[in-house]
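Spelled out from the first residue to the last, the chains are:
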Amino acid sequence: MPRLLALLVLLGAFIGHARAEEAQRSECLAMANAPPRAMPVSFRRVAAKADEVAITYAGHSTYYIETPGGIRIATDYSGAYQVGRLPDVVTMNRAHSTHYTLFPDPRIPHVLHGWGENGQAAHYAMRIGDVYIRNVTTDIRRYWGEGPGGEMIKDGNSIFIFEVAGLCIGHLGHLHVKLDDSHFAAIGRLDIVMVPIDGTYTMSLDGISEITRRLRSAVVLPMHRFSTPLDEFMRLIGQQFEIDQRSERTLRISRDTLPATPTVIILDGV
């Protein structure tokens, strides 16, 4: 009897560990690394029961993402751009004070800093409700206006990736550097990507356009625009991208309703 009890405890621990690993698994990376023949089949199965995700532009680099399960996420959250109820999750990048706050509302349950402490990179791989959140770090300039040879803060920015309802949604943050092959491999597949297009404070338009072309996401959501001419951005990313300028601030989208051609969607206020 004691041996049987010990066996049952061990089996329970193994199942718990397996479930924990399953909960932490990135579907977007799995699909990106899967053999080509397996990828469309897997995504069609997910799409058949996918629900809509609502993405609302609040201002600057802040988008609100609302999941089918009711989780509310705000990106590059400084507290200045509020839309609707308080978010459940906020992500931040510490390039400028407009992208973070050290004093968020204490009622926000999950505050995710895109920078690490004590020389360590920030690392997230967590499930909150129906969304799986992870990050890929990049370096940032220490001082604005410095060229490529300026002093950099290692891992000072995070590209946050949100996996929900069969969608892979990425927010590039305050990106200062070109992405290399290791970054693209760590990011994996992105169906929707939020990109800064100011052309000065983050990256040049040429640089961000190159990244956008390589990611080839179905939906590109510009942010951090300032006075950047949209036609200049469109010219640089190429004719393979369509443009869809809307009069509303919220995009409701599911795996089934992703555009067949890569599309830049300009929400109201961008």
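Residues numbered from 1 in each chain as written. Predicted model: local features only at pLDDT ≥ 70, side-chain atom pairs only at ≥ 80, totals over all residues. Heavy atoms only, no water.

**As for the state of the cysteines**
Keep this limit in mind: To count as a disulfide, a pair of cysteine sulfur atoms needs to be within 2.5 Å. Note on conventions: DSSP H or I runs of at least 4 residues are helices, E runs of at least 2 residues are strands, and numbering of each starts at the N terminus. Residue exposure (1.4 Å probe, protein chains only): buried if accessible area is under 20% of the type maximum, exposed if over 50%, otherwise partly exposed.
Tallying each qualifying case throughout the model produces one disulfide. Two residues share a disulfide in this structure: Cys-28 and Cys-168, whose sulfurs sit 1.9 Å from each other. Between Cys-28 and Cys-168, the S-S dihedral sits near -105°, and the bridge is therefore left-handed. Of this pair, Cys-28 sits in helix H2 (residues 27–33) while Cys-168 sits in strand E9 (residues 167–171); the two residues are 140 residues apart in sequence, bridging distant segments of the chain. With relative accessibility at 1%, the residue Cys-28 sits in the buried group. Residue class for Cys-168 comes out buried when judged on its relative accessible area of 2%.

**Topic: the sheet that holds strand E1 (residues 53–59)**
For the record, the criterion: Paired strands are those between which DSSP finds at least two bridges. Axis definition: a line fitted to C-alpha atoms, over the contacting stretch in the case of helices. Angles run 0 to 180 degrees between N-to-C directions.
Spatially, E5-E4-E3-E2-E1-E13 is the arrangement adopted by the six strands of the open sheet, whose pairing is mixed. On the outer flanks of this sheet lie strand E5 (110–113) and strand E13 (250–253), each paired with one strand and no other. Pairwise comparison of adjacent strand axes, ignoring direction, gives a mean angle of 15° for this sheet.

**So, the environment of Glu-52**
Here is the rule: Working rule for contacts: check all heavy atoms of both residues, and any pair within 4.5 Å makes them a contact.
Note that Glu-52 resides in the loop between helix H3 (38–47) and E1. The class for Glu-52 is partly exposed, based on a relative accessible area of 45%. Counting along the chain gives 204 residues from Glu-52 to Asp-256, while the straight-line C-alpha distance between them is 9.1 Å. Every residue in contact with Glu-52, bar those within four places of it in the chain, is listed here: Pro-68, Arg-252, Ile-253 and Ser-254.

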